[in-house]
Amino acid sequence: MPILQAVPASPLCFRLPPAGGAGALASAKWVWSQGGAPDGQPRFCRFTTAFEWEGGEVEFYITADQRFVLSLDGRVVARGPDAGAPERYYYAGYRVELPPGRHEWSALVWWLGDLAPYAHVSRRPAFLLAAEGAAHPLLTTGVAGWTARPCAEFIPVIGRKLPGAHFIGPSYLIDGALAGQGEAGPAVPVADARPEGVNGRLPAQWVLRQSELPEQLHTGWSHWRARAEAGEWLAEQGKMRKEWVLGGESSRAGELAEGNAVVIEAHREWTALLDAETIITAYPGVETSGGRGARIDLSWAESLGAGAELRENNFLVEKGHRDEIADKFFYGFGDVFAPAGRGGVEFLQAPWWRAGRYLLVRVRTAGQPLVIRRLACEQTGYPVRTRSRFNCPDASLGRVLELCERGIRASCHEMYSDCPAFEQLMYAGDARVEALVHRCLETDDRLARKAVQVFNDSRHKGGGWTWSRYPARVGQVLPVFSLIWVLMVDDFLHWRGDAAFIKSQLTGVRATLDVFEEFLDGDGWLRGLPGWMFVDWCPWWQNGVPPADAAGRRAVVNLFYILALRAGARIENAVGAPARAACLKALAERAGAAVRGDCASAGGLFRDAPGLDAFSEHTQALAALALAGDRREKHELLEATRARSAARAIAPASYYFMHYLFEACHEAASDWLHDRFSPWRDLLARGLRTPIEAAEPCRSDCHGWASHPLFHAYATIAGIRPGSTGFSSVLVEPLPGPLTAIEAEFPWRAASISLRLSFAGGSARGEVSLPGELSGEFRWAGMSRPLHPGLNIIPWTGSPTLCSP
């Protein structure tokens, strides 16, 4: 049968934190239906069992390869597993309070093989559940009497996808008439949950780890606005005609948007365009009655466009103002729902979530009227809890930060994702920025911890290189992203801190830097690196790759290497290995001398490669971070870059890479950062609700890596940063630029750092309040003073001068 209800998360079911127990797994078996999944064909299977219960708690653990939806007595209580890979395959623990009586447990499990979203890594179709205590013989797979019934109603539609890099799995036809038609049989064991290792043999199956993540949020979304309606079926990539656009008059589309039932007569076609007025991530579904033979197509798009092209495997759309729909094309992706129409109320839901702002509802009925009782979009995402606050007199900056917060929320799921509508993959370049942004909202480190760990795991598949994206079924090596992973570990060390966890990453950090050293020539340049040399979607570069000289030397790559070496040295010092740290610093000096010697130019900038008349903001920003000595030298470099940028005579950084430019502004105490927020203000003027991937025409209207102005509001404008590892002290160094006042609260452990400052005539006045366990330093106008726990009054006056950080 289809998923019965859009009621996820029963209030009786609680996700358990990781524990050393899970003893029930020792005797549990992975199971599947008889016959398995021949020829690698996609399979949906429903596992069920029922038992009498005396009442009380049931503690259990559950996972599946590839996905499951668990229902208890008709209520959806859990989805999973959290994305992982066979070498670290996640299960979740739950506790549920059951009243006395008979209870039916049901798990819809599906395996799509190579059709699955790229992030869903698999070994073979299987389901596993293990219960503790008295529930063990009643629920544990391989012990209890589970039955398995193939589900024919979920039909992957293989040919329907967006062009280019569209990796979120197939479209579906969910046919209610096929529900319950498969033949049930006993669930068959296919593997032990925890096989014994004999003579040191490693298991050739799933290595189970309990997930540290909380349950994903599942809430109903009903905030639609009706935008258009037509008495026909809009063709694929069809144009939204002006006469269809609604102007506030009553309509069936309006009724549907408001949550009311609508009736589509027999032998009719109908199209409605609904607007969520922001990007949402949700499992789409419909609740209907009647309508035998009808088809309901729910397709999603972030915006409509005037035209599109495929360039470098990216589906780029000329979108214009995002609120405008008339005479624009709907480039969408979605699923078809076919109610059985046998009488009564039906609920059909797609098995995987979609993302977008606009929902195109298309209906074609047969010989029976269809009642769409409601759209049932179940919004999902990581439970991000905002504990921070930033206020300033610039209202437009506040709107930019709201845009960025919506962007990071839409990008946080079972892992940090690049773009929810197109890939749903975690890339190291994206994840580093997203983890920093997330840290400014709350101190929850579980998603960041997972990101660091799984990239470390990926080295074993990448021949020593971290994969650029992981978990992923298709491998990819981007050398710069391997270096960025080392920076992620260093970020964790300083912004979050966990000595044991950092030590567990040490082997990976060392191995990654050692791999790069193999490609370091005697002249201090990295040469011959494998993989895609992607750095940024700079419009002046081809396929995101900066220019190189004939020997393959690129300044940006060497500069990232220097930053990673210095990060590695900080990590080594933190774990008590100063000799190793000294070696890494020496390598950094050698690589830096090569860039200084071969790329310095008469104009004060650094060339993108030796001997080339090519310059980029990327190289200058990284040179300020990696090469420049004192603050004055950094500032002069950025001022020279600023002048070149104003003349449009330098390759520009994208939304993503401006994070590194803003980091350089912080180190140089450069107000240029405030001017460079203008692209985000422009997004607001064009109707964007979340930050985009790159310059237009663009693919993604929601890209977490462009949410970093939220980070820089706290870390650069308010200037709140760790003063030492583990954020055990704080450094407050504001960079207000034109702002006359700043108020901020920043989460620190269970408490908050707060500041209230005003700026005029070169003076800073106000207060900084620190939690009882925290001390630090306040810097302003070339001066420094200590900060103590409690209230600190800031009375300083003076002209801002450059000082060494």
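Up top you'll find the structure we're talking about.
Values in this document were obtained by computation on a predicted structure and should not be read as measured data. (Residues numbered from 1 in each chain as written. Predicted model: local features only at pLDDT ≥ 70, side-chain atom pairs only at ≥ 80, totals over all residues. Heavy atoms only, no water.)

Enquirer: Explain empty space enclosed by the protein here, please?
Expert: Taken as a whole, this structure holds 8 cavities of 30 Å³ or more when the rule is applied. What the largest cavity holds in volume is close to 170 Å³. Along the walls of the largest cavity sit 17 residues, with Leu-162, Ala-301, Glu-302, Tyr-331 and Phe-422 positioned nearest its centre. Elements with a contribution of two residues or more to the lining of the largest cavity: β21 (295–301), β23 (314–318) and β26 (354–364). Residue classes in the lining of the largest cavity are distributed as 11 nonpolar, 2 polar and 4 charged. Estimates place the volume of the second largest cavity at around 110 Å³. (1 Å grid on protein atoms, 1.4 Å probe; cavity = no way out; pocket = protein on both sides within 12 Å on 5 of 7 lines; lining within 4 Å. Points joined across faces, edges and corners; volume = space filled by probe spheres on them. Helix = DSSP H or I, 4+ residues; strand = E, 2+ residues; numbered from the N terminus. Nonpolar A, V, L, I, M, F, W, Y, C, P; charged D, E, K, R; others polar.)

Enquirer: What is the right way to read the layout of surface pockets from this model?
Expert: Space left empty within the atom packing is revealed by a probe, the size of a water molecule, rolled over the atoms. Of the voids in this model, the largest pocket is the one considered here, and its volume is about 840 Å³. Lining of the largest pocket is provided by 29 residues; of these, Asp-490, Arg-570, Glu-663, Glu-667 and Arg-721 occupy positions nearest its centre. Within the residue set of the lining of the largest pocket, elements represented by two or more residues are α4 (428–441), α6 (479–496), α9 (555–574), α11 (617–626), α12 (631–646), α13 (658–668) and β30 (720–722). Of the residues contributing to the lining of the largest pocket, the split by class is 13 nonpolar, 4 polar and 12 charged.

Enquirer: Teacher, can you tell me more about the pairing of strand β8 (residues 101–111) here?
Expert: A large share of β8 lies buried, amounting to 8 of its 11 residues. In this sheet, β8 lies alongside strand β3 (residues 43–53) in antiparallel orientation, the contact comprising 11 bridges. Bridging across to β8, Arg-43 finds its partner in Trp-111. Bridging between strand β5 (residues 67–72) and β8 involves 6 bridges; their strand directions are antiparallel. By the bridge assignment for β8, Phe-68 is matched with Val-109. (Buried < 20%, exposed > 50% of the residue type's maximum accessible area, 1.4 Å probe, protein only. Pairing = 2+ DSSP bridges.)

Enquirer: For this particular structure, what's the right way to read the pairing of strand β7 (residues 89–98)?
Expert: Regular strands place side chains that alternate from one sheet face to the opposite one. The element β7 is extensively covered by neighbouring structure, given that 8 of its 10 residues are classed as buried. By the bridge criterion, 4 bridges tie strand β1 (residues 13–16) to β7 in an arrangement that is antiparallel. Residue Arg-15 lies in a different strand from β7, and its bridge partner there is Tyr-94. Strand direction decides the pairing type here: strand β4 (residues 56–65) and β7, joined by 7 bridges, are antiparallel. The partner of Gly-56 across the bridge, within β7, is Leu-98. The sheet contact formed by β7 and strand β15 (residues 208–210) spans 3 bridges and is parallel.

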